[in-house]
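Survey of secondary and tertiary structure
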Protein chains: 2
Amino acid sequence: MKRSRIGLLLLLESASLFAQKPARLRILLPQRIRLLVRQRVDLVIEARNASGRDRFRVTANGADITNRFAPPTRTELDCNGTAGLVYRADLFEFRQPGNVKLTVELTSGGERLREERNIEVRPFRLPPTPRNYILFIGDGMGNAYRDAGRIVARSVETRPGVPGIREGFVDRPLEMDQMPATGFVMTYGAATLVPDSAETGTHWSTGNKPVTGMLAVFPDGTDCRWRRPGGKDLLEAIRDNPRIETFLEYLKRLYHYRTGNLSTAFIADATPAAQGSHVATRGATFEIARQYLENPMLDGSPAFDVVFGGGKEDFDPDVRADHRDLIAGFQSKGYRFIRNATELKNLGPSAGKVLGLFRRVNNVELNPNGLTVKVNGNMEPAYDKLGLLGRANVRPGSEPLPDFGVWKDQPFLNEMTRKAIEILAGANGDQPFALQVEGALIDKESHANHAAGTIWDVIELDQAVGVARSWSRAHARRPTLILVTADHDQTLSILGVADLSDRDLTDRKSVVTDRGTYYRDSAVNLRSDFGVGNLPPEISRAEDRTGFPDYQDSDGDGYPENREINGKGGKRLAVGFRTGGHAGTSVPITAEGPGAWLFTGYFDQTDIFFRSAQALTEDTSLLDKWLDAARARQAR
Amino acid sequence: MKRSRIGLLLLLESASLFAQKPARLRILLPQRIRLLVRQRVDLVIEARNASGRDRFRVTANGADITNRFAPPTRTELDCNGTAGLVYRADLFEFRQPGNVKLTVELTSGGERLREERNIEVRPFRLPPTPRNYILFIGDGMGNAYRDAGRIVARSVETRPGVPGIREGFVDRPLEMDQMPATGFVMTYGAATLVPDSAETGTHWSTGNKPVTGMLAVFPDGTDCRWRRPGGKDLLEAIRDNPRIETFLEYLKRLYHYRTGNLSTAFIADATPAAQGSHVATRGATFEIARQYLENPMLDGSPAFDVVFGGGKEDFDPDVRADHRDLIAGFQSKGYRFIRNATELKNLGPSAGKVLGLFRRVNNVELNPNGLTVKVNGNMEPAYDKLGLLGRANVRPGSEPLPDFGVWKDQPFLNEMTRKAIEILAGANGDQPFALQVEGALIDKESHANHAAGTIWDVIELDQAVGVARSWSRAHARRPTLILVTADHDQTLSILGVADLSDRDLTDRKSVVTDRGTYYRDSAVNLRSDFGVGNLPPEISRAEDRTGFPDYQDSDGDGYPENREINGKGGKRLAVGFRTGGHAGTSVPITAEGPGAWLFTGYFDQTDIFFRSAQALTEDTSLLDKWLDAARARQAR
């Protein structure tokens, strides 16, 4: 920061110096903001180069709401010496549905500034029997990822040497394949074609678009401060952005839903954080964890009744810059704390409120900014939790062996999900609840181009979806909307089948790129379409080479063991990654339960928020019934 | 062929020689065959090593249908000297819906052989007002391809230097995005995870799965002959497979639907061929074109009233091995023949029957097998038809300049579609019709990893979809089911945005792989997710680099010109291909019109056939109405 703070304050006092610079007014809300009725949002207005002796007036559809704003604070904006006045009406609620014209007027040095924003406020009226809400996020789980999970998990039906009569049909599709309604979600960020997980999480948790890296807030004029680390107001600049209430906070605050937030990542990671924290950067994980305990939308009480995931380091006094013990904080508010699968299993349905942290990073090292650790403690991917490690299993050579440290007893996501639902619904199963479940390592393993790590984690998520679907069927008197989607895509492609016992293919291993997935890509080179009008002599050979993978699930746990068969390999899915980054493709969504049919078509990711609200409130029963009947008549 | 034909016949006469080899019986139908009531299928039964003096009996649910079979022919099977008897009941129709147990018994040398097949026969009852059917196929148009089309075609809304307020929303989605119902189609072949276009075409055209390369037939014991070219019965072995009637043939034969078949490929290519020919290999294009004229399911009359596409060479006497003039053949049956866009424009709605061939390959060279030419005459991709060729347009360097030859006046697919619909529906617009429209070059350009060729062709297909949707709205008294899907995926990924005016990025061009798409991949390297828990100092820079593409459509034809802006480049979509082949991913389907809602969920590609039949016959009106109302209430 070139200009000293004292110098700046002197400048601000000396208003005449700004006479040359035109004053500007900015409402810190997206141009296209949409809200639910009573959804809390900070109304923040920045005035640049204003005199400080201005007349300030805000109306909503003509009604004066100026007195809802606190006196302005003075601060430098844009990190370039611009004097700013910041007016705030925190935690504002629009109490009636409809279109609101928000008008801000500021008279500054004789000039009259005016700024407007049209705000769409949508209704929300809970029906007499509240509906439960379970949102599954496969992080990075685009279209090909779901397919890869299906192909690996379900190929067990055809055993090697027993061709069976599948003939290309999938008889037992994934749990998520079986959900009746499917749609496509466009994940574009406010300013970027290819989004990150923080902004996408904010899309469905708030119905609005922040910018990359932000969690349930909108950008402001002090973001430049934390974007250039080192300033002493770093944390303040991260916390001062206009906040917007999330779906889980909203349901908890206004309708007493019990809430849960599960992830296989460190629990302060972007996707879970999008439902319970409000910070300008996902990088501030200590602050994110704090807001889980002291949630600003819930007036300082915890955001979630059940929290399960990794990342204990963000809660520990020996790690956190503020040396607070957040686990003790949760315990003082009546939470049980658990740290492994055994303790998870022992929880009863009346456990009430539970914090479960199943992993801490092996070596803690802080970032210089003091906001987070350098590497967080994600739980291990399913492939490793299953112990598919030795020579008997075909361990992909490019995927590193895990180091569990002392965290050897980690639960699977389906166990976490089952227990969370039981606890949230309570002993009688009739407490309304809203739950977000993230399969986080699909994304993280895909970043590293670890094919097995990614695909086995898709299966892990699917087993969790199965738990929710079964529970929902068994508790039909409390309807449950179940959604399964992704935050964004990555670049996996389904290329073909590699026969590991085929010497030709083994020899061709060297053609594999240095992306280095174990699944050899070479098989696919035999399968390129044979061009226009040619009659290829090798066509029958190409067929012999393809066929289907023959993974086996000998122990019946739903996860194939990936073993060599008769010491000879076997047929494996051949996949390839294009990059180690995200992709901007539309992602699938599948829906089941009341109003599931609202989730077909192509739609924006923010619409998940509003369609979820519709599904929880509108009477969709007649439609649901008709469509169930239509579905029953559907071919196959 | 090692064994001589005469030797084989002697062997067949001398039955005692076969005493050691056990007789075998095979019904040449898939184990999981499903049919519509009265859908024609050849019942073919092969008996290996049978005596020739056998008692042969076939029953359907106990009723004897033996007399429907012609006397058996003797032939070598499996190309290994196996003596075969082949029993055929050609063009068989099951006349009642329900489950049929087909039982074949053969007494051979005292041994009694028995083989069974369960056949599911589904109902089809046309309503008083027949519904039209338009099926759009984007060949290779998986999920990312539709997205790429949307991003390029619709980015024109934000002009360079005019940020607008899109904020990441797509206000004017593609025509195909706007269709209300969406689903996912699993494209697996009978014997292969990654299918070709012949088998996938057969999936939706017949409801059943052949094997790779086959068109509306099932494999038989003489396929080995044509798979090893050179035998004199090559064409015979390609034509003798069990045939199954296609949807368009079925609607034409039984319900007098008028039919159309359009493609930007040579018209005897696999996707159009799947609706009107029955051959064991897509490579037999001369035979495919002949069957368009003399269709076996339609007792020798033409399969389609309107045929538009490329590939005139397959119809020309100077090219065809049999020297037949198929164009004259069509003309003698009342067809008009046209060969360019001008002649297409001049057609009136009462044109009746039209053959339009808008391309012949520049240099004809025959394959040695005499079944086809070496390279067929596809129409040019949209990018080339638009003339985006010069330096003013950013011609992707890796995509070759076209050589139109004398075929400079080619129509776009939307013009072909508009005219086909008008002619099929007739002057009064009330003749029921069924039409297949293929955007073929999406696949062919993707095989070559030509990003622009591929993406501009997605836009071309979408404009054709727009024509159908408009026509349908204007002719609502004749309901039209419109489907848009792909036959299979390819490996495109949406990676990000490349700013061509950014010198840093230009310098990084060398990191692009030799796949060599013009859209530089380098931009995406700035956008990889920034890992776990880090606060990256460069985050704002990364945002600046991304944003959205800024293609312009100055002439308003719906296709951006891909021009440099102020001589400085501009922002372009960055994509990448993983291979030049097909992918095994599920592909999107979108549906509009009566029964559109049957097409949500994950389902097998053969279900397109049966769900289409349901949509054309069942009363879905109440459901359609309810869902339209629900859709109207849908968020955004």
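Keep in mind the model is a prediction, meaning the values are calculated, not measured.

**Some thoughts on the overall build of chain A**
Along chain A, the regular secondary structure elements total 19 helices and 21 strands. When contacts within chain A are restricted to residue pairs at least 6 apart in sequence, long-range pairs at least 24 apart make up 74% of them. Surface exposure of chain A reaches about 21200 Å², of which carbon and sulfur atoms provide 49%.

**Here's the deal with the pattern of salt bridges**
Going through the model one piece at a time under the given rule, you end up with 93 salt bridges over all chains. In this structure, Arg112(A) and Glu105(A) form a salt bridge, with 3.3 Å as the shortest nitrogen-oxygen distance. On the basis of relative accessible area, Arg112(A) is assigned to the exposed category, the value being 57%. Of the charged contacts, one joins Glu287(B) and Arg239(B) as a salt bridge, the two residues approaching to 3.2 Å between their closest N and O atoms. One end of the pair, Glu287(B), is in helix α8 (residues 285-293); the other, Arg239(B), is in helix α5 (residues 234-239), with 48 residues separating them in the sequence. Within this structure, Arg38(A), Arg40(A), Glu93(A), Arg95(A), Glu245(A), Arg253(A) and Asp299(A) form a network of salt bridges that share partners.

**A few points about the side chain of Asp269(A)**
Residues and elements named next belong to chain A. Structurally, Asp-269 can be placed in the loop between β12 (258-266) and α7 (270-273). By relative accessible area, Asp-269 is classed as buried at 5%. At 2.7 Å, the side chain of Asp-269 forms a polar contact with the side chain of Lys-444. Look past the residues within four positions of Asp-269 in its chain and what remains in contact with it is Arg-282, Tyr-292 and Lys-444.

**Digging into the side chain of Gln410(A)**
All names here are of chain A. Here Gln-410 shows up in the loop between α11 (382-385) and α12 (413-425). For Gln-410, a relative accessible area of 7% corresponds to the buried category. There is a polar contact of 2.7 Å between the side chain of Gln-410 and the side chain of Glu-380. Among the polar contacts made by the side chain of Gln-410, one reaches the main-chain carbonyl oxygen of Trp-407 at a distance of 3.1 Å. If near-sequence neighbours (up to four positions away) are discounted, Gln-410 is found in contact with Ala-341, Phe-358, Arg-359, Met-379, Glu-380, Lys-385 and Phe-404.

**Focus on the interface of chain B and chain A**
Counting residues at the interface gives 119 residues for chain B, matched by 121 residues for chain A. Taken together, both faces of the contact between chain B and chain A bury some 10100 Å²; the carbon and sulfur share is 56%. Seen at the junction of chain B and chain A, the total is 2 salt bridges. The interface formed by chain B and chain A includes 25 residue pairs in polar contact (both at pLDDT 80 or more). Split by residue class, the side of chain B that touches chain A holds 49 nonpolar, 42 polar and 28 charged.

**Brief notes about the sheet that holds strand β6 (residues 73-77) of chain A**
Residue and element names in this part refer to chain A. An order of β1-β3-β7-β6 is seen for the 4 strands of this open sheet, with the pairing classed as antiparallel. The sheet is open, and its two edges are formed by β1 (24-27) and β6, each paired on a single side. Going across the sheet, the axis of each strand differs from the next one's by a mean of 30°, ignoring polarity. Relative to strand β7 (residues 82-92), β6 runs antiparallel, the two sharing 5 bridges. Its bridge partner lying in β7, Thr-73 is registered against Val-86.

**Examining the environment of Arg339(B)**
All names here are of chain B. Structurally, the position occupied by Arg-339 is in the loop between β14 (336-338) and α10 (341-345). Spatially, the C-alpha atoms of Arg-339 and Lys-312 are 9.0 Å apart, while their sequence positions differ by 27 residues. With residues up to four places along the chain from it excluded, the contact list for Arg-339 reads Lys-312, Leu-357, Phe-358 and Trp-407.

**A few points about the sheet that holds strand β6 (residues 73-77) of chain B**
Residues and elements named next belong to chain B. Judged by pairing direction, the sheet is antiparallel, and its 4 strands sit side by side in the order β1-β3-β7-β6 without closing on themselves. Looking along the sheet, the strands with just one partner apiece sit at the ends: β1 (24-27) and β6. Direction aside, neighbouring strands of the sheet carry axes that sit 30° apart on average. Alignment of β1 against strand β3 (residues 41-48), held across 4 bridges, turns out to be antiparallel. Each bridged residue has a counterpart across the sheet, and for Leu-25 the counterpart in β3 is Ala-47.

**A few points about the domain arrangement of chain A**
Residue and element names in this part refer to chain A. Split into domains, chain A comes out as domain 1 (19-122) and domain 2 (220-438). Counting from both sides, the interface comprises 22 residues of domain 1 and, opposite them, 19 residues of domain 2. Regarding the contact of domain 1 and domain 2, the summed buried area is about 1600 Å², with carbon and sulfur atoms giving 51% of it. Counting every contact that joins domain 1 to domain 2 gives 4 salt bridges. A salt bridge links Asp-90 to Arg-243, with the shortest nitrogen-to-oxygen separation between them at 3.6 Å.

**A look at the relation of the copies chain B and chain A**
The transform that puts chain B on chain A rotates by 180° and translates by 0.0 Å along the axis, for an RMSD of 0.0 Å. Both copies are brought into coincidence by an operation consistent with a two-fold rotation axis. Minimal C-alpha distance to the rotation axis in chain B is attained by Arg578(B), lying at 2.7 Å. Looking at the interface residues of chain B, 100% of them are also at the interface in chain A, so both copies use one shared face.

**Side note on unusual backbone geometry**
Glycine aside, residues mostly have negative phi, and peptide bonds are mostly found in the trans state. One non-glycine residue with positive phi stands out, namely Asn61(A), at about 50°. Tracing the chain through its elements places Asn61(A) in the loop between β4 (55-60) and β5 (63-64). With a phi close to 55°, Asn49(B) is a non-glycine residue in the positive phi region.

**With respect to α8(B)**
All names here are of chain B. The buried fraction of α8 is high, at 9 of 9 residues. What α8 keeps buried is the set Thr-285, Phe-286, Glu-287, Ile-288, Ala-289, Arg-290, Gln-291, Tyr-292 and Leu-293. Packed against the buried residues of α8 are α5, β12 (258-266), α7 (270-273) and α9 (326-332).

**Digging into the packing of aromatic side chains**
Describing an aromatic ring pair means giving the distance of the ring centres and the angle of the ring planes. On inspection of all chains with the given rule, the structure shows 39 aromatic pairs over all chains. When the ring of Tyr133(A) is compared with that of Phe247(A), the centres are 5.0 Å apart and the planes differ by 80°; the resulting orientation is edge-to-face. In this pair, Tyr133(A) is assigned in strand β10 (residues 132-138) and Phe247(A) in helix α6 (residues 247-255), connecting sequence segments 114 residues apart. Assigned by exposure class, Tyr133(A) and Phe247(A) land together as buried. Arranged with centres 5.0 Å apart and planes meeting at 75°, the rings of Phe330(B) and Tyr335(B) form a pair that is edge-to-face. The exposure classification of Phe330(B) matches that of Tyr335(B), with both residues buried. Taken together, the ring pairs connect Tyr133(A), Phe247(A), Phe609(A) and Phe610(A) into an aromatic cluster. A cation over a ring is seen here: Lys209(A) above Phe169(B), with NZ or CZ 4.4 Å from the ring centre.

**A word on the environment of Glu46(A)**
Residue and element names in this part refer to chain A. Along the polypeptide, Glu-46 turns up in strand β3 (residues 41-48). Expressed as a C-alpha distance, the spacing of Glu-46 and Arg-26, which sit 20 residues apart in the sequence, is 5.2 Å. Those residues in contact with Glu-46 that sit more than four places away from it in its chain are Arg-24, Leu-25, Arg-26, Leu-28, Leu-77, Leu-85, Val-86, Asp-220 and Gly-221. A polar contact is formed between the side chain of Glu-46 and the backbone nitrogen of Gly-221, at a distance of 2.7 Å.

**Here's the deal with the nonpolar core**
Counting 327 residues, the largest nonpolar core has Phe94(A), Phe308(A) and Phe308(B) as the members making the most contacts within it. The residues touching Phe94(A), leaving out its near neighbours within four places in the chain, are Leu35(A), Val37(A), Arg38(A), Val41(A), Leu43(A), Ala60(A), Val100(A), Leu102(A), Ile119(A) and Val121(A).

**Let's talk about the state of the cysteines**
Residues and elements named next belong to chain A. Scanning the model with the defined rule gives 2 disulfides over all chains in all. Two residues share a disulfide in this structure: Cys-79 and Cys-224, whose sulfurs sit 2.1 Å from each other. Taking the sign of the S-S torsion, about 90° here, the bridge from Cys-79 to Cys-224 comes out right-handed. Of this pair, Cys-79 sits in the loop between β6 and β7 while Cys-224 sits in helix α4 (residues 223-227), placing them 145 residues apart in sequence. Taking the relative accessible area as the measure of exposure, Cys-79 reaches 17% and is therefore buried. Residue Cys-224 is classed as buried on the basis of its relative accessible area of 18%.

**Some thoughts on a nonpolar patch on the surface**
Judged by side-chain polarity, Leu622(A), Trp626(A), Leu622(B) and Trp626(B) come together as a nonpolar surface patch covering roughly 350 Å² of accessible area. Looking at the nonpolar patch, the elements with two or more residues in it are α19 (621-633) of chain A together with α19 (621-633) of chain B. Relative to the assigned elements, Leu622(B) resides in helix α19.

Parameters at a glance
Residues numbered from 1 in each chain as written. Chains lettered and ligands numbered in written order. Predicted model: local features only at pLDDT ≥ 70, side-chain atom pairs only at ≥ 80, totals over all residues. Heavy atoms only, no water. Helix = DSSP H or I, 4+ residues; strand = E, 2+ residues; numbered from the N terminus. Contact = heavy atoms within 4.5 Å. Areas by Shrake-Rupley, 256 points an atom, 1.4 Å probe, with all protein chains shown as cover. Salt bridge = Lys/Arg side-chain N within 4 Å of Asp/Glu carboxyl O. Buried < 20%, exposed > 50% of the residue type's maximum accessible area, 1.4 Å probe, protein only. Polar contact = N/O pair within 3.5 Å; in protein donor to acceptor, adjacent residues only side chain to side chain. Buried area = accessible area lost by both parts, 1.4 Å probe. Nonpolar A, V, L, I, M, F, W, Y, C, P; charged D, E, K, R; others polar. Pairing = 2+ DSSP bridges. Axes fitted to C-alpha atoms, helices over the stretch in contact; angles between N-to-C directions. Domains from an automatic or database assignment. Least-squares fit on C-alpha atoms with pLDDT ≥ 70 in both. Phe/Tyr/Trp six-rings, centres within 6.5 Å; stacked < 30°, edge-to-face > 60°. Lys NZ or Arg CZ within 6 Å of the ring centre and 35° of its normal. Core = buried A, V, L, I, M, F, W, Y, C linked by side-chain atoms within 4.5 Å. Disulfide = S-S within 2.5 Å. Patch = residues over 30% accessible without salt bridge, like charges linked within 9 Å, V, L, I, M, F, W, Y side chains within 5 Å.

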